[in-house]
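Inside the fold
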Amino acid sequence: MFGLKADWSLDIKKRYFALGDYAGGEARWCPGCGDHTVLTAIQRICRDKQLPPEKTVCVSGIGCSSRLPHYMGTYGFHGLHGRALPVACGIKSRRPELDIWVATGDGDCYSIGAGHWIHAVRYNMDMTVLVFDNNVYALTKKQTSPTSGLGLKTNTHPEGAILAAHNPLTTTLGISNVSFVAQTIDWNPAHLYETIKAAHEHKGFSLVSILQRCPVYSPDVFQCLQDDPSQVLLLTDEKGITIEKNVARLFPNQQEHDPSNMSKAYDIAAAQPDSIPIGLLYHNPEAPRYEQLSSVGNDMGMEEKLTAFNKALDDLAI
Amino acid sequence: MSKALETALPIESRDAPINQAKPPIEIDEHIVEIVSDSGEGAQKAGQTFGTISAKMGNGVWTVEIIPAEIKPPARSPAGASGIRIRLGSRYMTNMGDAADIVVALNEQVLYSRIATHAYKPGTVILLENKWLTDPNPKIQQQYQSAVAEFREHGLIVYEVQMEEECLKLTPRPRLGKNMFVLGLLCHIYNRDLEKAYHEVEQTFAKKGPKVIDLNHKLLQAGYDFAKANIEYHYDIPPWRAADSTDRFIVTNGNQALGLGVMASGMELLSMYPITPATSASHYLADIFHNVGGFIHQAEDEIAAVGFAIGSSYAGKTACTITSGPGLALKTECLGLAVMAEVPLVICVVQRGGPATGLPTKVEQGDLLASLYGEPGDAPKIVIAPATIEECLHFVIMARKLAETFRTPVIVLTDANLATGVQPYPRPEPKAEWLASPIDQSPWQKGVPPYNWDDETGLSPRPIVGQAGGEYVLTGLAHTYQSKVAYDSESNQRGCTMRSRKLAALWSTLKPPEIHGNSEGDLLVVGWGSTMGAIEEAVDHARAEGLPVSSLHLRFLSPLEPGLKNLFSKFKNILTVEINYSDEADMPLINPENRRYTQLAIILRAQLLVDVDCWSNVHGQPMQPGIIYNELTRRLNAMKGDA
């Protein structure tokens, strides 16, 4: 029933996927939007890793960046504002073999979805979570977001944001069972690609904060970082994000940082916004993953289930 | 033997009790309560008594009396904890009206029961009398004045030295008194003592032979005490043959939901704790893994349903269980499941609302929220089991409906079903109830993700893993290709197709059966847990020749077919529900502004029939006697009008 077919197993080894296999509809982001760069990086990683499109799911919430699944050629779930993570975790829970990507934003993840963010980090399910942080709500035309800097003029705070920006990196690092926290920038595709690739390779919940330019509503917030790369702190380490020397040369400020060192990671993160770190802040490949628990019983046979159900009835019998 | 008991009971001599020779009086049903402070084991004694009675072939309905607070002070009305057992010579469907015999371990807890009209003049109270000699003179005084007050109200109070008797066997009578009480009841109701011994042994099996032995002695002591001292001695003939080969199980409604979750092949239950739904998850927590399932306790109600939606989207069978406030929080996600056509089962164990309302008490107040809670048009299937047994089978049905119609299905139960316990036929699980392995074969080329059938709105669903089926589910208005569409035509078509599915389901349903004559002066319409009480009231009225019948709805969305025709054979239609309605004769209320019960609103709107309603929000299950009184009042008034 329900469309069961006997020949469900499939030989996928002989297939080769080109970039085009990961492309969906034409991306409708504004010209100059950083989201285009991220989309390209994800598609390249999918291609480089030869991820079967039918076994890959892009999950998102609501916001400009959450349109990303529509531009992918994989399965996608473009759900509700703030709710990408519970949906993504639900997908992974009983289908641990699927490759899960989450596209979310500073409003979607750090504000309306903040509760889920905290708990999803703790569940540590294997998925690559990209937070497109442009410091504003852009889809709804410029309202203050949790990462808007003090004084940023928006339509909800025309005189300038009245609170200092929330620091999502220190928050994430403070959550029990956190396993991968990185930050990158959309205007350096090499660093972006390597960071997302490392996040994808991590077995666990990898949170990548992507500082992403919005050419329409927050064109200036990252301009200073582009104009003066010394305001960016490039984290280097053999266990961290490795980029080619000629790319690294663009960043005069660099620091060796062992990503297994949590207290150092916290100090580096806490220096924001004075010093903006990019690279791998924290990595613990050993953290337990929730899907290891939630998928138990997946392969149980019909007979075993019926026997157990009858046993449950026996216990209630009179 | 206490002086009080000597004066209260007409006992001729302790050595030659009068009832020894008297045969038991045959009755067809009784309602028994055991009431105490919490922690005194009243519920365990009552459940055991219920099980013994069920095994003897009686129809049984038990319901726990739950204190309003977790640690209420001892000897306080708010702390009343215990159990009601209704047993009889027929299948029991509800908790009935006033109790016949009550065993109380202190007098204060009785006040709250009296306040909820649980007793009537003539109700017999067997009351622990140790408080009469309590070292605290204030307690002595409280006890004496309460006993006097109860008697003034017509209760027949017998003071029994339970503590004193138990002290002969154990230095800690507080822990063992419940078995003494069980012994009392076993004699009063002429229970098979061998079965009682067996049940006690089962109850304490994990605690070892020493504990079993002590509890057997307490049971026997209570039995012997009643034999020697209590004149009440009844026989309730069986409803079905004792030890008949019919296989029965005993559960409450939440355990039945849990069994339904397992029997329907759910692989995931995603929940957040909420009263009175959570005990279903407690039950499953012990055994769900045995059938390969997993319980996800989410960070909040929204995440619980979001997680289930994700799992279902990925082809795994998933459900969530909640109560009113949780349903409110899940609203947006339910809208998404409707919009994107994600199969999902949502069990809602209703309690009093709005807001935090009456968390532990019953109401049928979530019907409209289930049907219409979401912004925009969000058609979904809503069904309501009417019995504990149906709680089990409706989850199985819900899963099939959810998948066939690619939609969320809400199963509405309530605190009355959740806490009521009764025996019912053991289901024979079938492999086809369980989930099949998901289809991972390639998706047929060119078939869009919403390949709506024009007539029924139904469409097959691509599952992640099916090559060629890659689509992006979206909560935005979309085309049949799941492409975001803001144009008028696409939105209209999507809404039409989702709505059409309900009409398609409606066309497969049978008209409901009428309980009683198919024509008459009054037709009572109900839904959910009230069925037993309504039908009992109707039977009572019909036995007196009154022209009343009833009809009980299981499908609320879509409604069951043929209602207009069935209604047309009756002069008046009345819904009986546990949700708020204005009474027609209240100040300021007139036919234009009167707010009706929730089912009445739906029936009036859908059928253009002048459906009346009668309801209360007392937080109590509907009782047959109260319904009977209202029906006879109305039927007499109609006679007067005619």
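Positions within a chain are numbered from 1, following the residues in the order the chain's sequence is written. Chain labels run from A onward and ligand labels from 1 onward, assigned in the order the entries are written. Only residues with pLDDT of at least 70 get local features here, since the model is predicted, and only at 80 or more are side-chain atom pairs given and counted; chain-wide, interface and lining totals rely on the full set of residues.

**Observations concerning helix α20 (residues 624-641) of chain B**
Residues and elements named next belong to chain B. Its 18 residues place the ends of α20 26 Å apart at the C-alpha level, agreeing with the 26 Å of an ideal helix rising 1.5 Å per residue. Looking only at α20, the buried set comprises Pro 624, Ile 627, Tyr 628 and Leu 631. An end-on view of α20 places all buried positions within 100° of arc, on one side of the element. Turned more than 90 degrees away from the buried face of α20 sit Arg 633, Asn 636, Ala 637, Gly 640 and Asp 641, all of them exposed. Residues of α20 that are buried make contact with β19 (520-527), α17 (531-543), β20 (548-553) and β22 (570-577). Starting at the N terminus, helices and strands are each numbered in turn, a helix being any DSSP run of H or I of at least four residues and a strand any DSSP run of E of at least two. To estimate how far a helix should extend, the number of its residues minus one is multiplied by 1.5 Å. Whether a residue is buried, exposed or partly exposed is read from the other C-beta atoms within 10 Å of its own C-beta, which are placed from the backbone; 20 or more gives buried, 12 or fewer gives exposed, and intermediate counts give partly exposed. What the arc describes is the spread of directions from the helix axis to the C-beta atoms. Each residue is represented by a C-beta atom placed from its backbone, and any two residues with such atoms within 7 Å are regarded as in contact.

**Here's the deal with the nonpolar core**
Ranked by size, the top nonpolar core spans 195 residues in total, and within it Val 102 and Leu 281 of chain A together with Val 411 of chain B carry the most contacts. Per-element accounting of this core gives the leading share, 11 residues, to helix α14 (residues 388-405) of chain B. Every residue in contact with Val 102 of chain A, bar those within four places of it in the chain, is listed here: Val 59, Ser 60, Ala 84, Leu 85, Ala 88, Met 127, Thr 128, Val 129 and Leu 130 of chain A. Judged by nonpolar contacts, the second largest core, of 65 residues, contains Ile 125, Leu 182, Leu 218 and Leu 219 of chain B. By definition, a nonpolar core groups buried Ala, Val, Leu, Ile, Met, Phe, Trp, Tyr and Cys residues that connect through C-beta atoms lying within 7 Å of each other.

**Concerning the sheet that holds β19 of chain B**
Residue and element names in this part refer to chain B. Strand pairing is assigned whenever DSSP detects at least two bridges linking the two strands. One open sheet holds the five strands; their spatial order is β18-β20-β19-β22-β23, and the pairing between them is mixed. Edge strands, defined here as strands with exactly one partner in the open sheet, are β18 (514-515) and β23 (612-615). Angles shown run from 0 to 180 degrees and are taken between the N-to-C directions of axes, each axis being a line fitted to C-alpha atoms and, for helices, limited to the stretch in contact. Along the sheet, α17 contacts β18, β19, β20 and β22; its crossing angle with β20, the most-contacted strand, is approximately 165°. This element, helix α19 (residues 598-607), spans β19, β22 and β23 of the sheet and lies at about 140° to β22.

**Digging into the domain arrangement of chain B**
All names here are of chain B. Along its sequence, chain B is organised into domain 1 (3-235), domain 2 (250-433) and domain 3 (514-641). Domains are outlined according to an automatic or database domain assignment. For domain 1 and domain 3, the distance between their C-alpha centroids amounts to 37 Å. With six residues of domain 1 at the interface, the matching set in domain 3 holds 10 residues. Nonpolar residues are Ala, Val, Leu, Ile, Met, Phe, Trp, Tyr, Cys and Pro. Charged residues are Asp, Glu, Lys and Arg, and all others, Gly as well, are polar. Residue composition of the side of domain 1 that touches domain 3, by class: one nonpolar, four polar and one charged.

**Brief notes about the interface of chain A and chain B**
Each side of the interface is counted separately: chain A has 54 residues, and chain B has 64 residues. Broken down by secondary-structure element, the contributors of at least two residues to the side of chain A that touches chain B are β2 (75-78), α2 (84-94), α4 (114-123) and α11 (302-316) of chain A. For the side of chain A that touches chain B, the element with the most residues is α11 of chain A, which contributes 10 residues. In the side of chain A that touches chain B, the residues fall into 28 nonpolar, 17 polar and nine charged. One ladder, built from three bridges, connects β2 of chain A with strand β17 (residues 472-474) of chain B; its direction is parallel. Across the sheet, Phe 77 of chain A pairs through a bridge with Leu 473 of chain B, a residue of β17 of chain B.

**Here we look at the packing of helix α2 (residues 42-55) of chain B against helix α6 (residues 173-188) of chain B**
Residues and elements named next belong to chain B. The geometry of α2 relative to α6 is characterised by a closest axis approach of 8 Å and an angle of 35° between their N-to-C directions. Both α2 and α6 take part in a crossing whose hand is right-handed. On α6, the residues that touch Ala 42, Lys 44, Ala 45, Thr 48 and Phe 49 of α2 are Asn 178, Met 179, Val 181, Leu 182 and Leu 185. Crossing handedness is defined as follows: a turn of the near helix away from the far one that is anticlockwise and smaller than a right angle gives a left-handed crossing, while the clockwise case is right-handed.

**Points about the sheet that holds strand β10 (residues 268-271) of chain B**
Residue and element names in this part refer to chain B. Spatial strand order, β11-β10-β12-β13-β15-β14-β21: seven strands in an open sheet with mixed pairing. Strands at the two margins of the open sheet, each flanked by one partner only, are β11 (294-297) and β21 (555-557). Each strand of the sheet is rotated relative to its neighbour by a mean of 20°, with strand direction disregarded. Relative to strand β12 (residues 318-322), β10 is paired through two bridges, and the arrangement is parallel. By the bridge assignment, Leu 268 is partnered in β12 with Ala 318. α14 rests against β13 (344-350), β14 (381-383) and β15 (408-414) of the sheet, and its axis sits at about 165° to β15.

**So, the confidence of the model for chain B**
Fine structural detail should not be taken from predicted coordinates in areas where pLDDT scores are low. All names here are of chain B. What pLDDT reports is the predictor's confidence in each residue, on a scale of 0 through 100. On average, residues of chain B carry a pLDDT of 94, and 96% of them reach 70 or more. Across residues 1-20, where pLDDT falls below 50, the model places 33 contacts with residues more than four positions away in sequence or in other chains. Interface scoring of the predicted complex returns ipTM 0.96; its pTM is 0.94.

**Re the environment of Glu 159 of chain A**
All names here are of chain A. Secondary-structure assignment places Glu 159 in the loop between β6 (143-144) and α5 (168-173). What makes Glu 159 exposed here is the crowd of 8 C-beta atoms within 10 Å. Put simply, Glu 159 and Lys 142 are 17 residues apart on the chain and 13 Å apart in space, counted from C-alpha to C-alpha.

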